[in-house]
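The primary structure of each chain is shown beneath.
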Amino acid sequence: MLQKFLKEVIVIVVGKQAEDIVDLLYSKKYVNEFLIAKKLDITINQTRNVLYKISDQGLVSSIRKKDKKKGWYTYFWKIEVLKSLEFLKNILIKRKDQIDKQINSRETKEFYFCKRCNIEFNQENALLNDFTCNECGDIFSLKDNTKVLKDFRRSSTRIENDLKSVEEEIEKERIKLEKEKQKEISKVKKEVAEARKIRAIASKKLRDAKKVAEEKLNPKKATKKKVVEKKTNKKIAKKKVSKKKPVHHGRTPKDFLKKSLQGAKKVTKKKLVKNKVVKKK
Ligand SMILES: [Zn+2]
C-alpha cells in the first residue's frame with residue numbers, strides 16, 4: 001500500500017515514466033544516483049532531472065560524498081516517506097473537495113446542453129443564450145445529471161477511502177520515526193552516562209592524587225583511617241586504568257604536587273609506610 005502511494009506521488013510530481021524510481025528510493029540507506037541511473041536504464045542527467053523535480057517538492061533527501069580520485073561529488077538519495085504521504089494527502093483532500101463541489105452543483109442546479117454539438121451550459125449561460133445554441137440554432141435540452149452524479153459520487157468515495165489509507169500510513173510512519181528517535185535518544189543518554197562515569201573516575205583519581213600530595217606535605221595529618229580509605233580507592237582506580245604511568249617523586253613539595261596531579265595515582269604503600277616511619281622518628 002505504501003509503495004503504491006509513493007508511486008502515485010512520483011507520478012503526480014514527475015510523471016508515469018518515473019514511478020519505478022520509488023523501488024530504489026524507498027530505502028533505509030541513501031542510494032547512489034549512478035546506481036539509480038543504471039537500474040532505471042536512463043542517463044545520469046535524466047536521473048538527476050527526475051530527482052531534482054522530486055527534491056523541489058521536498059520529497060527526497062540527499063547526502064553527497066566526494067570522489068577522492070576524480071574530485072567530484074556523488075549524490076545519494078532516499079525518499080522522504082512522511083513528507084510524500086502528507087503531500088499525497090493534501091492532493092487527495094483538494095481533489096475530493098473539487099468533486100464534492102461538482103456533486104453539490106449537479107444536485108442543486110440545472111444544466112442544459114445542445115444534443116447536436118454536445119456543448120453544456122449552466123443555467124445562467126443557457127438563459128443568456130435564450131436556451132438556443134449559437135452554433136447550430138438548436139434548442140437546448142435539460143441535462144439529466146443522474147449518470148454524471150453517479151460517477152462523481154463513486155470518485156468521491158474512492159478518494160475518501162484512499163485518504164483513510166494514506167492517513168493510516170502516515171500514522172504508521174510517525175510511530176516508526178518516533179521509535180527511531182527514542183532509540184537515538186537512549187543511545188545518546190547511554191553515551192552521556194558513560195562519559196560521566198569516566199569523568200567521575202578521573203576526578204576521583206585527581207582527588208586521590210591530591211590527598212597523597214597533601215599527606216606528603218603534611219605527614220602529621222595522615223591518619224591510619226585515611227590510609228585504609230586510600231587502599232580502597234586505589235583498587236577502584238586500578239580496575240579502570242589500564243596504563244600505569246610511572247611515579248616521579250619530585251624534589252620540592254610543589255614539584256611533587258604537580259607531578260602527582262599529572263597522573264601519579266600509584267603512590268605506593270611503601271611511600272605511605274615510609275612517611276609513617278618518618279613521622280614516628
Ligand atoms: Zn448546437
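Because the structure is a prediction, the values reported are computed rather than measured.

Caption draft 1: Representation of the packing of aromatic side chains. Here the structure, examined in full by the defined rule, presents four aromatic pairs. Here tyrosine 75 and tryptophan 77 contribute two aromatic rings whose centre-to-centre distance is 6.2 Å and whose plane-to-plane angle is 35 degrees, an arrangement assigned as tilted. By the ring-pair criterion, three or more aromatic residues cluster together here, those being Tyr52, Tyr75 and Trp77. The aromatic ring of phenylalanine 113 is capped on one face by lysine 143, whose charged end is 5.4 Å from the ring centroid.

Caption draft 2: Geometry of the confidence of the model for the protein. Predicted confidence across the protein gives a mean pLDDT of 85, with 78% of residues reaching 70 or more. Predicted confidence is poor over residues 267–281, with pLDDT under 50, and the contacts of this stretch with residues over four places away or in other chains come to 15 contacts.

Caption draft 3: The coordination of the zinc ion, seen in detail. Bound to the zinc ion on the protein side are Cys114 (SG), Cys117 (SG), Cys133 (SG) and Cys136 (SG), at distances that span 2.2 to 2.4 Å. Taken together, the four donor atoms surrounding the zinc ion define angles of 104 to 113 degrees at the centre, an arrangement classified as tetrahedral. Taken in chain order, the donor set of the zinc ion reads C-x2-C-x15-C-x2-C. Residue cysteine 117 is located in the loop between strand S4 (111–114) and strand S5 (119–122), and its partner cysteine 136 is located in the loop between helix H6 (123–128) and strand S6 (141–142); the two are separated by 19 residues in the primary sequence. Relative accessible area serves as the criterion here: at 29%, cysteine 117 is assigned to the partly exposed category. The exposure class of cysteine 136 is partly exposed, given its relative accessible area of 28%.

Caption draft 4: Region of interest: the nonpolar core. Residues Ile10, Ile21, Leu25, Ile36 and Ile54 are the most contacted members of the largest nonpolar core, which totals 35 residues. For this core, the secondary structure elements donating two or more residues are helix H1 (2–13), helix H2 (21–25), helix H4 (44–56), strand S3 (73–79), helix H5 (81–108) and helix H7 (146–217). Examining the composition of this core, we find that nine residues originate from one element, H5, more than from any other. Setting aside its immediate chain neighbours within four residues, leucine 25 contacts Ile36, Leu51, Ile54, Val60, Trp77, Lys78 and Ile79. Residues Cys114, Ala126, Cys133 and Phe140 belong to the second largest nonpolar core, which totals six residues.

Caption draft 5: How the structure looks around the sheet that holds S5. Reading across the sheet, the three strands line up as S5-S4-S6 and stay open at both edges, with antiparallel pairing between neighbours. Either end of the sheet is taken by a strand with one partner, and the two such strands are S5 and S6. Bridge count between S4 and S5: four bridges; the pairing is antiparallel. Each residue of the ladder has a partner; that of cysteine 114, found in S5, is isoleucine 119.

Basis of the calculations
Throughout this document, residue positions are counted from 1 along each chain, in the order its sequence is written. Local features in a predicted model are, by the rule used here, given only for residues with pLDDT of at least 70; side-chain atom pairs are given and counted only at 80 or more, and totals for whole chains, interfaces and linings are based on all residues. To obtain the side-chain values, all non-hydrogen atoms of the structure were included, while hydrogens and water were left out. Stacked, tilted and edge-to-face are the three classes applied to pairs of Phe, Tyr and Trp rings, where Trp contributes its six-membered ring and a pair requires centres within 6.5 Å; stacked means planes under 30 degrees apart, edge-to-face means over 60, and tilted covers the rest. Counted as over-ring charges are cases with an Arg CZ or a Lys NZ within 6 Å of the ring centre that also lie within 35 degrees of the ring normal. Values of pLDDT, the confidence the predictor places in each residue, fall between 0 and 100. Contacts: residue pairs with any heavy atoms within 4.5 Å of one another. Nitrogen, oxygen and sulfur within 2.8 Å of a metal are treated as its donors, or within 3.2 Å for sodium, potassium and calcium (Na, K, Ca); water is not counted, so a site can appear incomplete. Angular criteria define each label, namely tetrahedral for four donors with all angles between 85 and 135 degrees, square planar for four and octahedral for six donors with opposite donors over 155 degrees apart and remaining angles between 65 and 115, and irregular for whatever fails these tests. In this text, helices come from DSSP runs of H or I with a minimum length of four residues, and strands from runs of E with a minimum of two, each type numbered from the N-terminal end. Residue burial is assigned from relative accessible area. The probe radius is 1.4 Å, only protein chains are included, and a residue is buried under 20% of its type maximum, exposed over 50%, and partly exposed in between. We call a set of buried residues a nonpolar core when its members are Ala, Val, Leu, Ile, Met, Phe, Trp, Tyr or Cys and they connect through side-chain atoms within 4.5 Å of each other. DSSP calls a pair of strands paired once it identifies at least 2 bridges connecting them.

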